[in-house]
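A look at the structure
Below, each chain spelled out in residue letters.
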Amino acid sequence: MNLESLFDKHGSDKANGGHGHRYHEDYERLIPRDTKKLVELGLGSHIGFDGSWGSPKAWLEWLDGGEYVGFDIVEPPKDIVKRMTFVKGDCGVREDLERLADVIGECDVIIDDASHIADHQRLAFDVLWPCVKPGGYYIVEDLYINGTATEMRDSNYCVGVIGKGLAAVLKKPKK
């Protein structure tokens, strides 16, 4: 099953369902099935959340033996948590992000789909960017919502903006 089908199957807005951001088109290329460690901030606990936990379900089905680390202010249901590493915290609190960084160690990809508040996105990037392996990606979703878009797009690390929801893709240089 392709990533678009998985996101739609589980009710995530990363493909065509919900807001239909269409991130799947680039995620299949950027995040192959054999990715070793994927970290996602914001698993779906936003206001008006329908309870599907679609993104973590899709990623857990997509990754072929890779580790999925989730970070949110709300703990997902036990059937999801038992299949992942979960860290509870607030992306606007440096100490919570530092605790997450300790758990991550090093990873291939970080996706920030959390609060969408510009200050939180910047703080998360500052704390978590060192966790991304050389050649890995840090992706900030839904930049249309706030003023982070210009800053992220103008970053020396930005290699593109994807999807209808405008996600900045930053790539860590290889050493």
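Within each chain, residue numbers correspond to sequence positions counted from 1 in written order. The model is predicted, so local features are restricted to residues of pLDDT at least 70 and side-chain atom pairs to those at 80 or more, both for listing and for counting; the totals for chains, interfaces and linings are taken over all residues. Side-chain numbers come from the whole structure's heavy atoms, not from hydrogens or water.

1. A closer look at the packing of aromatic side chains
Just so we agree on the cut-off: Classification of ring pairs uses Phe, Tyr and Trp, with its six-membered ring standing for Trp, and accepts pairs whose centres are within 6.5 Å; under 30 degrees between planes counts as stacked, over 60 as edge-to-face, and the remaining range as tilted. Secondary structure counts use DSSP, requiring at least four H or I residues in a row for a helix and at least two E residues in a row for a strand, with both numbered from the N terminus. Three labels apply to residues, based on accessible area from a 1.4 Å probe with only protein chains included: buried if under 20% of the type maximum, exposed if over 50%, partly exposed otherwise in between.
Considering all chains together, one arrives at seven aromatic pairs under this definition. Ring centres 5.3 Å apart and planes at 80 degrees place the aromatic pair Phe7 and Trp59 in the edge-to-face group. Of this pair, Phe7 sits in helix α1 (residues 3–9) while Trp59 is found in helix α3 (residues 54–62), placing the two residues 52 residues apart along the sequence. Phe7 gets classed as buried once you look at its relative accessible area, which sits at 0%. Residue classification places Trp59 among the buried residues on the basis of a relative accessible area of 0%. Geometrically, the ring pair formed by Phe125 and Tyr138 is edge-to-face, given 5.1 Å between the ring centres and 90 degrees between the ring planes.

2. Here we look at the pairing of strand β1 (residues 37–41)
Put simply, the test is: Any two strands between which DSSP finds at least two bridges are classified as paired.
When you tally the buried positions in β1, you get five out of five residues, the bulk of the element. Judged by which residues are buried, β1 turns out to be covered on both faces: Lys37, Val39 and Leu41 on one side and Leu38 and Glu40 on the other are all buried. Sheet topology places β1 next to strand β2 (residues 67–72); five bridges connect them, and they run parallel. Residue Lys37 lies in a different strand from β2, and its bridge partner there is Glu67. Of the pairings in the sheet, the one linking β1 to strand β4 (residues 107–112) comprises four bridges and is parallel in character. The residue bridging Leu41 from the neighbouring strand is Asp112, located in β4.

Limitation: the analysis is restricted to geometry and does not speak to function.
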